Amino acid sequence: MKKKVKFRDREYIVEVLPNGEISIDGELFTADIKQGINSMYKVDVDGYTFTIEISNEDFIVDGEKTQFTIKPYIPVVGRKSSKTSKREVKISAPIPGKITKIFVKEGQKVSKDEELLILEAMKMRNRIFSPNNGKIRKIAIKENDSVEQDQLLLVIKP
Amino acid sequence: MLSTVLIANRGEIAIRIIRACRLLNIKTVVIFSEIDSSSLHVRMADEAFCLGNGSVQETYLNVEKIVQIAIKSNSDAIHPGYGFLSESAIFAEEVEKNGIIFIGPSPSILHKLGNKIEAKKMAKEVGIQTVPGSSGYINTTAEAENIANEIGYPIIIKAVFGGGGRGMEIVENPEALEISLMGCQTIADKFFGSKEVFIEKYIPSPRHVEIQFIADNFGNVIHIGDRECSIQRSYQKIIEEAPSFISARRRNSLGEKICDLAKNLEYRNAGTAEFLWKNNKLFFNEINPRIQVEHPVTEMVTGIDIVVQQLKIANNERLAYTQKDIRYSGHAFEFRINAEDPLKAFYPQSGKITSLNVPGGNEVRFDTFIYPNYELPNQYDSLIGKLIVRGENREDAIQKSRLALNELAISGLATNISLHKAIIETPEFQNRRITTDFLERNKINQILDHYEKLKLVALLKTHSLLKEKQEYDISKIQERKEDYNRWREQSKLEQQQGYL
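Reading the values: rules and limits
Residues numbered from 1 in each chain as written. Chains lettered and ligands numbered in written order. Predicted model: local features only at pLDDT ≥ 70, side-chain atom pairs only at ≥ 80, totals over all residues. Heavy atoms only, no water. Salt bridge = Lys/Arg side-chain N within 4 Å of Asp/Glu carboxyl O. Helix = DSSP H or I, 4+ residues; strand = E, 2+ residues; numbered from the N terminus. Buried < 20%, exposed > 50% of the residue type's maximum accessible area, 1.4 Å probe, protein only. Pairing = 2+ DSSP bridges. Domains from an automatic or database assignment. Contact = heavy atoms within 4.5 Å. Buried area = accessible area lost by both parts, 1.4 Å probe.

A. Spatial organisation of the pattern of salt bridges. Residues and elements named next belong to chain B. Tallying each qualifying case throughout the model produces 44 salt bridges over all chains. Across the pair Arg-22 and Asp-46 runs a salt bridge whose closest N-O atoms are separated by 3.4 Å. Here Arg-22 is found in helix H1 (residues 11–23), whereas its partner Asp-46 is found in the loop between helix H2 (40–44) and strand S3 (47–50), with 24 residues between them in sequence. Here Arg-22 falls in the partly exposed class, since its relative accessible area comes to 36%. The residue Glu-94 makes a salt bridge to Lys-97 at a minimum N-O spacing of 3.5 Å. Of this pair, Glu-94 and Lys-97 are both found in helix H4 (residues 89–97), three residues apart, which corresponds to roughly one turn of the helix. Exposure remark for Glu-94: the relative accessible area of 27% places this residue in the partly exposed category. Where salt bridges share partners, they join Glu-210, Arg-227, Lys-237, Glu-240, Glu-274, Glu-294, Glu-334 and Arg-336 into one cluster.

Here it is in structure tokens:
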């Protein structure tokens, strides 16, 4: 279930995946609570350790008081555009990096916002989603490939 | 020895000067604006005088009032710190006129060095390379065109009396020349009281290197090493280190020339010569005739207390060191901790410090004036502290900095601590590829964004664990209730059986 989280005046879309990974605005993280003594926790997030202390309603991260609010995420349903493009959609790499996982096969039908692949760059795992409904016409890369910025990843036919 | 020193400043530098005075058994007098009455320098000093409620011009820049307080408090000397009146020849003159020692160069030197063209000329005289440009003031567009064609675009137009990153216009092509010249003249007139400007070749993304020197009143001058200060945001330094990356030979030859310049000037007290370093060439930029924010990195690698030296020089003592005595050991960093949000265009923050964790350990120093429950006003500079760390070498110093930055925690307002954490983890920083456009070049905002998300994930993970625990606790209570009910039923049954 997607949630909207407000943290330090910014809003993030948060999703806890079935495998326990946490996705924040399309970026994947693995978190693990290593220890909890009284109301103090050591949390490891992708190799970074944070010390979180809970006092009253406050969460204190590494000594710094922080607050956040969690709300359900209600996706904005846009009106269907009158002209559904029949043209192919080319998806290219937004940043240089490495393809660590591909979830789809050539010829497979995909729906809008379905996860296609994971592009890892500078230790950040970015999820790439399908922009619309369609069929995978071509996959130009394979797992573990390194890609340049703007390199073609796959083609979707509506 | 001086018996009383008035400190015409506030914030961390006022505290720094109080500490140096205490080491020499000098009584300290401070001044403060009304809004600063709970500031730490007021609490720490032996005597404090209020400058009233008003603008900076009416308080920390009020020459007349400050000199009056110095007289009233029987101060022998005034230490101006940095910023405020530290480079004001008018202030220094007024101080000396009243028989009080100004801890810094003489008024005439302050006046000379405030003029950037004069300073450049003097540097040239002792054989220091300067940035190619006009040899005098530029008044008309025709003059500007001539010099621009001679040195080639891009060029930079600078206010002769400018400073602090203001009063500078970069011109990329001839079309923009006229309007930039007029704009710069207007700003120069408005902020620096003189519309004089000059032109230099613009050097894009250089390194910023500087050399610290000290001079006594008897013509003895020594240089005490270099600093690398390239990591900046909007012309403000944020990380400095010592030594810089120039070779020891270069440091010494440049240092010697700077000492010659100081001797020619009959300079006295501490000063810093700033250079731009590009393509293996070092160009003289200016001399800052005062103590600098980043002086502690030099103290850490030389062991010399620069503020104490300033006080001793003001006390008419000879330098206790010769050039041969100066030894450099290890590597030091200074991180300027600013109350500003790097994720919101460095917007300055103010408010109550709700908690403060200060890092510690061997060779870790935190110079600050904030304390828990201190209400930070929004009128002044955003610098709230300086984390200074020394290591055996650069790698060791980075590792120590990493630990110290992790320990440092300030609650209540946004700071740039996470920016420092992000910078020191970049390969560019670790491999010494640092220039003045470091932040833009390394997309630091993306890293900060990522770091913010990591923090949020840690929070959410803890939050969900707590929720699970809460649900578990509730279910346990319900279980217990059931047990209790069963027991009650049981006893009822027994009672009934008893009646039977």
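B. Here's a closer look at unusual backbone geometry. The residue after Tyr153(B), namely Pro154(B), is reached through a cis peptide bond having omega -5 degrees. A positive phi angle, close to 65 degrees, is found at Asp9(A), a residue other than glycine. Taking relative accessible area as the criterion, Asp9(A) reaches 60% and is therefore assigned exposed. Although it is not a glycine, Asn316(B) adopts a positive phi angle of roughly 65 degrees. You can see Asn316(B) is positioned in the loop between helix H11 (306–314) and strand S14 (331–338). A relative accessible area of 46% means that Asn316(B) is categorised as partly exposed.

C. Seen up close, the pairing of strand S12 (residues 97–102) of chain A. Relative to strand S17 (residues 146–147) of chain A, S12(A) is paired through two bridges, and the arrangement is antiparallel. The residue bridging Gly97(A) from the neighbouring strand is Val147(A), located in S17(A).

D. Representation of the domain arrangement of chain A. Residue and element names in this part refer to chain A. Partitioning chain A into structural domains gives domain 1 (2–72) and domain 2 (89–157). Contact residues are listed per partner, giving 10 residues for domain 1 and six residues for domain 2. Taken together, both faces of the contact between domain 1 and domain 2 bury some 660 Å²; the carbon and sulfur share is 40%. If you sort the residues of domain 1 by the area they bury against domain 2, Gly-26, Glu-27 and Leu-28 come out on top, with a joint share of 68%. In this assembly, domain 1 and domain 2 are joined by three salt bridges. Between Asp-46 and Arg-125 there is a salt bridge whose closest N-O contact spans 3.2 Å.

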